[in-house]
Amino acid sequence: MDSSFPNNNKRLYQIWKGRNKFLCGGRLIFGPDASSLVLSTFLIGGPALTFCIKTFSRLSNDLIFLFMTSSRNPGIVPRNNRPPESDSASNSTSSMEWINGATPDLKLPRTKDVFVNGYTIKVKYCDTCLLYRPPRASHCSICNNCVQRFDHHCPWVGQCIGVRNYRTFILFVTTSTILCMYVFTFSLLHLLEEPGHIWTVMSHDVISVILIAYCFIAVWFVGGLSVFHFYLMSTNQTTYENFRYRYDKKENPYNRGMIKNIKEVFFSNTVPSLVNFREWVTEEDDDFALESISKKFGGDIIKSSMKVDLELGLFGKDGKPIPEMLQNLDYKGIEDSLKKDR
């Protein structure tokens, strides 16, 4: 405190006879009923804060469904190390097409008949996974996996859509549609409420114009996708089956009526995963995989004196990896050159 003022001196607000309330050393002056400021703040900021929270909740739900769809196992079918036994596979099929691609010594029918809800369904053999695909399963060429109830591979989520993530995919598409309509409506209302000519208002509020244009375009895509998948749910079809006209000329054995079909998607338990990707496994040499690779890609390049590692490449007799430069050499051309020199 300044020494020029006596110790018994006080600030004016400290001895003020009025009923005002002072804060911050007299810098802020309130009336005696300043508590009403809290109520007024709540009445003004409450609706705006609620609107922001509501908008954020719609956005967060959409992002949660997106992440759940992209990160969940869509229903990958575990692979076989060896093909199934030919005797058991040939007992229940009438197909005359036989598998002899990578394994010419093995005779397996290309298709097999199974019964689903009293209907005969043909399932195909997968050369990559070495198994007969379950009904409604298909092999995704992008993920290189057989997926249960394969719907399609969605590039927007970067994942296959199958039996285990179809529900979250539908919720993701639906919430995206609602979010686009929500932003479009309130952005348009904001422009219409501004005084002045509409073109003048649009020139001063470019962000709202961009949001309106973006949401108008996006809602046709996600909205159309939502309607299309609602039709697929109602008829218990997959996108893969619909695009291939699977049930145009025959009855759908999985269709149980619109209500039950929708309940099956939204109110049924999630199918357990067939693959535990967190289990501990031992990496072993697979002679059958080596044989398949040699027959399909190498021919006489991969000899019995070499082993193949899918990451490191070829190994020589001493067990040491052969340099990549030597692996890519044209040995046939070298032999021809030596013969000419001789």
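Located above this text is the structure these notes cover.
A few points on the structure. (Residues numbered from 1 in each chain as written. Predicted model: local features only at pLDDT ≥ 70, side-chain atom pairs only at ≥ 80, totals over all residues. Heavy atoms only, no water.)

### Looking at the overall build of the chain
For clarity, the threshold we go by: Per the convention used, a helix needs a DSSP run of H or I reaching at least four residues, while a strand needs a run of E reaching at least two, with both numbered from the N terminus. Between buried and exposed lies partly exposed: a residue is buried under 20% and exposed over 50% of the maximum accessible area for its type, with that area taken using a 1.4 Å probe on protein chains only. Contacts are assigned to residue pairs that have any heavy atoms within 4.5 Å of one another.
Along the chain, the regular secondary structure elements total 10 helices and 13 strands. When each of the 342 residues of the chain is scored for burial, the buried share is 30%. Partitioning the contacts of the chain with sequence separation of at least 6, the portion at a separation of at least 24 is 48%.

### Describing the packing of aromatic side chains
Test applied: Side-chain rings of Phe, Tyr and Trp (the six-membered ring for Trp) are treated as a pair once their centres are within 6.5 Å; stacked means planes under 30 degrees apart, edge-to-face means over 60, and tilted covers the remaining angles. Distance and angle both matter: a charge sits over a ring if NZ of Lys or CZ of Arg is within 6 Å of the ring centre and within 35 degrees of the ring normal.
The tally for this structure, following the rule as stated, stands at eight aromatic pairs. Aromatic side chains Tyr-125 and Tyr-132 sit 5.2 Å apart centroid to centroid with 70 degrees between the ring planes, which places their arrangement in the edge-to-face category. What makes Tyr-125 buried here is its relative accessible area of 5%. Site record: aromatic cluster; members linked through ring pairs are Phe-184, Phe-216 and Trp-220. Just above the ring of Tyr-254 sits the side chain of Arg-136; from NZ or CZ to the centre is 4.1 Å. Sitting over the ring of Tyr-166, Arg-149 keeps its end group 5.2 Å from the ring centre.

### Points about the pattern of salt bridges
For side chains bearing opposite charge, pairing can occur when the charged atoms are close. Definition in use: Put simply, a salt bridge is a Lys or Arg side-chain nitrogen that is within 4 Å of an Asp or Glu carboxyl oxygen.
Per the counting criterion, the structure on display carries four salt bridges. Among the salt bridges present, the one from Asp-113 reaches Lys-122, with a minimum N-O distance of 3.0 Å. Between Arg-256 and Glu-264 there is a salt bridge, with the nearest N and O atoms lying 3.7 Å from each other. The class of Glu-264 is partly exposed, set by a relative accessible area of 31%.

### What to know about the state of the cysteines
The criterion, for reference: By disulfide we mean two sulfur atoms from cysteines, separated by a distance within 2.5 Å.
Summed over the entire model, instances satisfying the criterion amount to zero disulfides. Its sulfur unpaired, Cys-129 is 3.7 Å from the next cysteine sulfur, which belongs to Cys-146. Cys-146 forms no disulfide, and the closest cysteine sulfur to it belongs to Cys-126, at a distance of 3.6 Å.

### Re the nonpolar core
Defined as follows: The set of buried Ala, Val, Leu, Ile, Met, Phe, Trp, Tyr and Cys residues whose side-chain atoms join them within 4.5 Å is what this entry labels a nonpolar core.
Formed by Phe-65, Cys-154, Val-157, Ile-161, Tyr-166, Phe-169, Ile-170, Phe-172, Val-173, Leu-232, Met-233 and Val-265, the largest nonpolar core amounts to 12 residues. Put simply, the parts of the chain that give this core at least two residues each are α3 (166-193) and α5 (206-235). Looking at this core element by element, the count peaks at five residues for α3. Other than its neighbours up to four places away in sequence, Phe-169 contacts Thr-69, His-152, Cys-154, Ile-161, Leu-225 and His-229.

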